[in-house]
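# A closer look at the structure
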Amino acid sequence: MSSTRENLVFVRGGKTSLHHGWLEGPGDRNWDLIVSQWIDDPEIGADGDLPISIDKGTKWDSIYRYLAANPDIMDRYRYIAFMDDDLVFTKSDLNRYFEICAEHDLLLAQPSLHADSYFCYPILLQCKGTKLRFSNFVECMATAIRTDYLKSFMPTLSKVKSGWGMDRIWTVTMPDPVYKSAIIDEISMLHTRPHATGGIYKDFAKEKMGPQAEMAALIESYDNIPDKMMVYGGVDRQGRRIGATRARIANGLSLIGNSWRYRDTPRCFKSGIGVFLRALTEANYLPKPAIPAQQKGILL
């Protein structure tokens, strides 16, 4: 492992993992790689910089166990990106991902989704008019977390198995969430697999507490959790900070103008209209810190 690399990519990988492609091409990396496997096959993670981790659990409970057993990892790196293994990325884009996070002092971020991706939420699709959009929603697919914030989030992470619901809460479970979480549009990733199609979802179906119930319990454990996904500002392609109205107009134009390209054209067109409407109806929105439910009575 290079001591000069400030960042870590943690990928949960199987036999068909695409992480090998992230290492290809000329030039150095500003990140080390560790592969966490649910299959005991040394070939899968042989190209990592850190020793392979074998854990037969799900992505996020495996991450928690690894970090709990190796807390020095959070001291060694500035950012850790927790990646799914079905993403197409370039080495240079991953380098730039971490650079942008540091440049804008972000605690939490994700790359935008390439137009050809399978997706759940249109707001995450790449917006060509912005370098990044500040958002109260960051998905779990390829999240970069600054390690000082990650340490404070560990008690919540200890309660997670599927990861459902974390994208709703972790943008606001910090003391001052404004301008600390973003969707990075300068780069994009291609998501190659439909949502909820991995083998682990067959296991969830057999359990009494599935992902939906876990998400509901996690959200109910806080007050002030946003009830809708909102972009509330951004940085334009020239590097200038822009407000909510301009960011939403750029977002809406991108969704509507490119809706024919996406896998769900009607949904993206409708989402673009919704973004335009929120530019008028919720122009002054800023995220507020979440309050743990057990503290509500104390703080009133």
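See the structure shown above.
So, a few notes on the structure that sits alongside this text. Every residue gets a number counted from 1 within its own chain, in the order that chain's sequence is written. Owing to the predicted nature of the model, reporting of local features is limited to residues with pLDDT of at least 70; listing and counting of side-chain atom pairs is limited to 80 or more, with chain, interface and lining totals taken over all residues. Hydrogen atoms and water are omitted, and side-chain values are computed over all heavy atoms in the structure.

## Regarding unusual backbone geometry
In this structure, aspartate 105 takes a positive phi of about 55° despite not being glycine. Secondary structure elements follow DSSP: runs of H or I no shorter than four residues count as helices, runs of E no shorter than two count as strands, and numbering proceeds from the N terminus. Within the secondary structure, aspartate 105 sits in the loop between helix H3 (91-103) and strand S6 (108-113). Type-normalised accessible area, obtained with a 1.4 Å probe on protein chains alone, sets the label of each residue: buried when under 20%, exposed when over 50%, and partly exposed for intermediate values. A relative accessible area of 33% means that aspartate 105 is categorised as partly exposed. With a phi close to 65°, tyrosine 179 is a non-glycine residue in the positive phi region. Relative to the elements of secondary structure, tyrosine 179 occurs in the loop between helix H5 (166-169) and strand S9 (181-191).

## Digging into the state of the cysteines
Cysteine sulfur atoms are paired as a disulfide whenever they fall within 2.5 Å. Counted under the stated rule, the structure contains 0 disulfides. No disulfide involves cysteine 101; its nearest neighbouring cysteine sulfur is the one of cysteine 140, lying 15 Å away. Residue classification places cysteine 101 among the buried residues on the basis of a relative accessible area of 1%. Free cysteine: cysteine 268, not disulfide-bonded; nearest cysteine sulfur from cysteine 120 at 12 Å. On the basis of relative accessible area, cysteine 268 is assigned to the buried category, the value being 0%.

## Observations regarding empty space enclosed by the protein
Only protein atoms enter the calculation, which uses a 1 Å grid: trapped sets of points that fit a 1.4 Å probe without letting it out are cavities, open sets showing protein on both sides within 12 Å along at least five of seven lines are pockets, and any residue with an atom within 4 Å of a point is a lining residue. Grid points are joined across faces, edges and corners, and a volume is the space filled by probe spheres set on the points. A complete count under the given rule lists 1 cavity of 30 Å³ or more for this structure. Looking at the lining of the largest cavity, the elements with two or more residues in it are helix H8 (244-257) and helix H9 (265-281). The nonpolar class holds Ala, Val, Leu, Ile, Met, Phe, Trp, Tyr, Cys and Pro. Asp, Glu, Lys and Arg form the charged class, and all remaining residues, Gly among them, are polar. Looking at the lining of the largest cavity residue by residue, the class counts come to 5 nonpolar, 1 polar and 2 charged.

## Digging into the layout of surface pockets
Its boundaries defined by the atoms lining it, the second largest pocket holds a volume of some 210 Å³. As for the second largest pocket, its lining consists of Tyr121, Pro122, Ile123, Met229, Leu255, Arg267, Lys270, Ser271, Gly274, Val275 and Arg278. By residue number, the principal contributor to the lining of the second largest pocket is H9, which donates 6 residues. Along the lines of polarity and charge, the residues of the lining of the second largest pocket split into 6 nonpolar, 2 polar and 3 charged.

## Brief notes about the side chain of aspartate 32
With respect to the element layout, aspartate 32 can be found in strand S2 (residues 31-37). At 2.8 Å, the side chain of aspartate 32 forms a polar contact with the side chain of tyrosine 77. Polar contact is the term for a pair of N or O atoms within 3.5 Å; when the atoms are in protein, one must be able to donate a hydrogen and the other to accept it, and sequence-neighboring residues count only if both atoms are side-chain atoms.

## Section: the pattern of salt bridges
Salt bridges, as used here, are contacts in which a Lys or Arg side-chain nitrogen is within 4 Å of a carboxyl oxygen on Asp or Glu. For the coordinates displayed, the defined rule picks out 25 salt bridges. Notably, a salt bridge pairs arginine 193 with aspartate 85, separated by 3.8 Å at the nearest N-O pair. Of this pair, arginine 193 sits in the loop between S9 and helix H6 (200-206) while aspartate 85 is found in the loop between strand S4 (79-84) and strand S5 (87-88), placing the two residues 108 residues apart along the sequence. Under the relative-accessibility criterion, aspartate 85 is labelled buried at 5%. Put simply, arginine 146 and aspartate 148 hold a salt bridge, and the shortest N to O gap is 2.9 Å. Overall, arginine 146 belongs to the buried group, its relative accessible area being 15%. By relative accessible area, which is 44% here, aspartate 148 ends up partly exposed. One network of salt bridges, with partners in common, ties together Arg5, Asp28, Arg29, Asp32 and Asp49.

Geometric descriptors of this kind do not, in isolation, establish any biological role.
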